[in-house]
Amino acid sequence: MCGIIGYTGPRAAVPILIDGLKRLEYRGYDSAGLAVVADGRLSEVKAVGKVHQLEEALAAHAGLEEKSGCGIAHTRWATHGAPSTPNAHPHLDESGQIAIVHNGIIENYQELRRYLEGKGCHFRSQTDSEVIANLIAEAYEGDLLAATAATLEQLNGTYGIAVVSVRHPGLIVTARKGSPIVIGIGKGENLVASDVAALLAHTREVIYLDDGDIAVVTADRIDLRNVKNVPVEREIAKIDWDMGAAEKGNFPHFMLKEIFEQPETIENAIRGRIDHSMGTAVLAGMNLSPRELATISRIVIAGCGSSLHAGMLGEYYFEDIAGVSTSVEQAAEFRYRNPIIEPNTLVIPISQSGETADTIAAVREASAKGGVVTALCNVVGSTIAREAGRGIYLHAGPEISVASTKAFSSQVVVLLLYALMLGRNRRLSRSDGEELAREIEAVPGLIREVLREAPKIKEIADRYARFEDFFFIGRGCLYPTALEGALKLKEISYIHAEGYHAAELKHGPISLLDERHPVLALANDIPGKDKIIGNIQECRARKSPVVAVVTRGDSSVVKMTDDVIEIPPCSRFIAPLPTVVALQLFAYYVAVARGCEVDQPRNLAKSVTVE
Ligand code: M6R
């Protein structure tokens, strides 16, 4: 969703802001803009569309790009008001002296707007954000920090903001409540951003603001205060992602790069987490002793999108491997339906970004009800990681493509490790634990084998790219895998794709099947295969073309399908991993064949920070 970058220091601000915006592009946006304070002037430039359109608009501002100074910039994903130049950020107060960029939603903006209009203020945009600039101007008596703090007190809702003023060259005021802000510490310069990806080119040392924090940032000083205006100290965190991790390298798209990174990202997720001597997993971030673990009587998993699908696999793992009763909930449903959480309930929020609004709310609900919360996140220092207090990082590196691939597979692997640990804490024998540990360690190799099939998967995808509707079916652990495969295809290729439990087809959806509705059947040679063979026959009888994922060397399914994608042999718990990689490749090549914008699909955002 929206992204913020700000810079103060001796270098020219505009190129740094533009580079930062480009690194935030993956979050999804529909307009962009920047404001720079230099030579005693506040200049703003905005454009609808992509950052390169903003660069084109900059051509009309001769000399601005070379000016050193301080500035803020923003990519906007429209919520209040259509994507348009007036609605794009930054927003200036009416006098043009103060500029703000804002992520989040101001819930009482209409009331504030009426109040300001009553005082003669004219608004240029339909956004909820513009009130912030005008309230700061109204409160301003020579101190930008004090005026911003006074304004924030009037706001209901969420914000990550950055503020500059022509009267305070070289100074940025930034604050957060519910929407992340991270300060990048440079040498003789400092940066502000909503996401560390925008800072990597300049620094690895960052400070994450806590909710309620407000900071004054200049080139050589960072002054942090809490909600009560009391100076506070915040830890300096080191980012261990390298720049290459956030660049495409030789790949045409981030999504393809991230699919191909999976053998390494899964190795990273496993590294140091298996104890062969005990046939178990060691997850340090859990912070629970074996005795405390043994008291867990129930697990509730919450997440959205791909993270929800990973959670559904977690349910199979925790119940089957560890024997712990588990349920999975869409995080938005969890937060609003008053779930039962007991002291011995382990709540596992799953989120790649750690910033998904519904999942954050689920964490708060679970914590308020006294559950033991351990989060699975990829982004270090993200809101969920910090609020949960304990958890397990995925170590997948930055996932730039909007469609989740490597984060999903790492979530599944970490859930397997989690189930192994819980299983050994209960009914799983050491030898069974050791067997599962070996299977988990073999996953990167299995995925390498699937990646070698990419040319063949591309050839199949090219032939199916003309269809407009797809069904994905699976059973057991391959049921959530089918849901994930359908989600991948629909989000990046805009093909209508539905994932179903294979048994559910004949309870309704089968009425749609004909030669225009291909079925992608997950028919790996694991328990349940015989049943899915029956389901494939039902689809064939209705003339649906069938692409089957099968286990290499298993000829039993081949003759009843139009096309097959082969997966190396593996157990039912492991099968989702190589299978989902094949489905990611299939979705990717279909989207490319249809000329879709793979990394930034229309209407989608990388992290969904609104309800
Ligand atoms: O960052 P999160 O894991 O919390 O994000 C959840 C979903 O928004 C995300 O998985 C989304 O469904 C992806 N676009 C799927 O590819």
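That block above? That's the structure.
Residues numbered from 1 in each chain as written. Predicted model: local features only at pLDDT ≥ 70, side-chain atom pairs only at ≥ 80, totals over all residues. Heavy atoms only, no water.

Right, let's get into the site of the ligand. In the neighbourhood of the ligand, 14 residues make up the surrounding shell, with Ser307, Ser351, Ser353, Thr356 and Glu491 lying closest. Measuring from an oxygen atom of the ligand, one finds a backbone N or O atom of Ser306 at 3.0 Å. A total of 410 Å² of accessible area belongs to the ligand in isolation, and the protein chains cover 91% of it. The cavity where the ligand resides is the largest pocket. Every element with two or more residues in the shell around the ligand is listed here: α9 (305–322) and α17 (478–493). Broken down by class, the residue content of the shell around the ligand amounts to four nonpolar, eight polar and two charged. Domain assignment of the residues forming the shell around the ligand places at least three in each of domain 2 (248–441) and domain 3 (452–611). (Near = heavy atom within 4 Å. Polar contact = N/O pair within 3.5 Å; in protein donor to acceptor, adjacent residues only side chain to side chain. Areas by Shrake-Rupley, 256 points an atom, 1.4 Å probe, with all protein chains shown as cover. 1 Å grid on protein atoms, 1.4 Å probe; cavity = no way out; pocket = protein on both sides within 12 Å on 5 of 7 lines; lining within 4 Å. Sits in = over half its atoms within 2 Å of the grid points. Helix = DSSP H or I, 4+ residues; strand = E, 2+ residues; numbered from the N terminus. Nonpolar A, V, L, I, M, F, W, Y, C, P; charged D, E, K, R; others polar. Domains from an automatic or database assignment.)

Quick look at the layout of surface pockets now. When its volume is computed, the largest pocket comes out at roughly 510 Å³. In this structure, the largest pocket is lined by 26 residues; those nearest its centre are Cys304, Gly305, Ala605, Lys606 and Val608. Split into classes, the residues belonging to the lining of the largest pocket amount to 11 nonpolar, 11 polar and four charged. (Points joined across faces, edges and corners; volume = space filled by probe spheres on them.)

The next point concerns the pattern of salt bridges. Any two side chains of opposite charge can pair, given that their charged atoms come close. According to the stated counting rule, one finds 39 salt bridges in the structure shown. One salt bridge connects Lys458 with Asp462, and the closest N-O pair in it is separated by 2.9 Å. Note that Lys458 and Asp462 are positioned in helix α16 (residues 454–464) at a spacing of four residues, about one turn of the helix. Under the relative-accessibility criterion, Lys458 is labelled partly exposed at 36%. Since its relative accessible area comes to 36%, Asp462 is described here as partly exposed. Each member of the salt-bridge network shares a partner with another, and the members are Arg176, Asp211, Arg364 and Glu387. (Salt bridge = Lys/Arg side-chain N within 4 Å of Asp/Glu carboxyl O. Buried < 20%, exposed > 50% of the residue type's maximum accessible area, 1.4 Å probe, protein only.)

This part covers the side chain of Glu491. Looking at where Glu491 falls in the secondary structure, it is placed in helix α17. A distance of 3.4 Å separates a polar atom in the side chain of Glu491 from a polar atom in the side chain of Lys488. When near neighbours in sequence (up to four residues on either side) are disregarded, Glu491 contacts Ala403, Ser404, Pro601 and Leu604. (Contact = heavy atoms within 4.5 Å.)

Our next topic: unusual backbone geometry. In the segment running from His89 into Pro90, the intervening peptide bond is cis, with an omega of 5 degrees. Secondary-structure assignment places Pro90 in the loop between β4 (68–76) and β5 (91–92). A positive phi angle, near 50 degrees, is found at Asp39, a position not held by glycine. One can find Asp39 in the loop between β2 (31–38) and β3 (41–48).

Moving on: the packing of helix α3 (residues 109–118) against helix α4 (residues 130–139). Between α3 and α4, the least distance of the axes is 10 Å, while the angle of their chain directions is 45 degrees. When the axes of α3 and α4 are compared, the pair comes out oblique. In this structure, α3 crosses over α4, and the sense of that crossing is left-handed. Every residue of α4 that contacts α3 at Tyr109, Leu112, Arg113, Tyr115 and Leu116 is listed here: Val131, Asn134, Leu135 and Glu138. (Axes fitted to C-alpha atoms, helices over the stretch in contact; angles between N-to-C directions. Parallel < 35°, antiparallel > 145°, perpendicular 65-115°, else oblique. Left-handed = near helix turned anticlockwise from the far one by under 90°.)

The next subject is the packing of aromatic side chains. Counted according to the given criterion, the structure contains 10 aromatic pairs. When the centroid spacing of 6.1 Å and the interplanar angle of 45 degrees are considered together, the rings of Phe470 and Phe472 count as tilted. The interplanar angle of 40 degrees and the centroid separation of 6.0 Å between the aromatic rings of Phe471 and Tyr500 together place this pair among those described as tilted. With a gap of 29 residues between them, Phe471 in strand β23 (residues 469–474) and Tyr500 in strand β24 (residues 496–501) connect regions that are remote in the sequence. Exposure remark for Phe471: the relative accessible area of 2% places this residue in the buried category. Judged by its relative accessible area of 22%, Tyr500 falls in the partly exposed class. The ring of Tyr29 is capped by Lys50, whose NZ or CZ atom sits 4.5 Å from the centre of that ring. In this structure, Arg602 is placed above the aromatic ring of Tyr494, and the distance from its NZ or CZ to the ring centre is 3.7 Å. (Phe/Tyr/Trp six-rings, centres within 6.5 Å; stacked < 30°, edge-to-face > 60°. Lys NZ or Arg CZ within 6 Å of the ring centre and 35° of its normal.)

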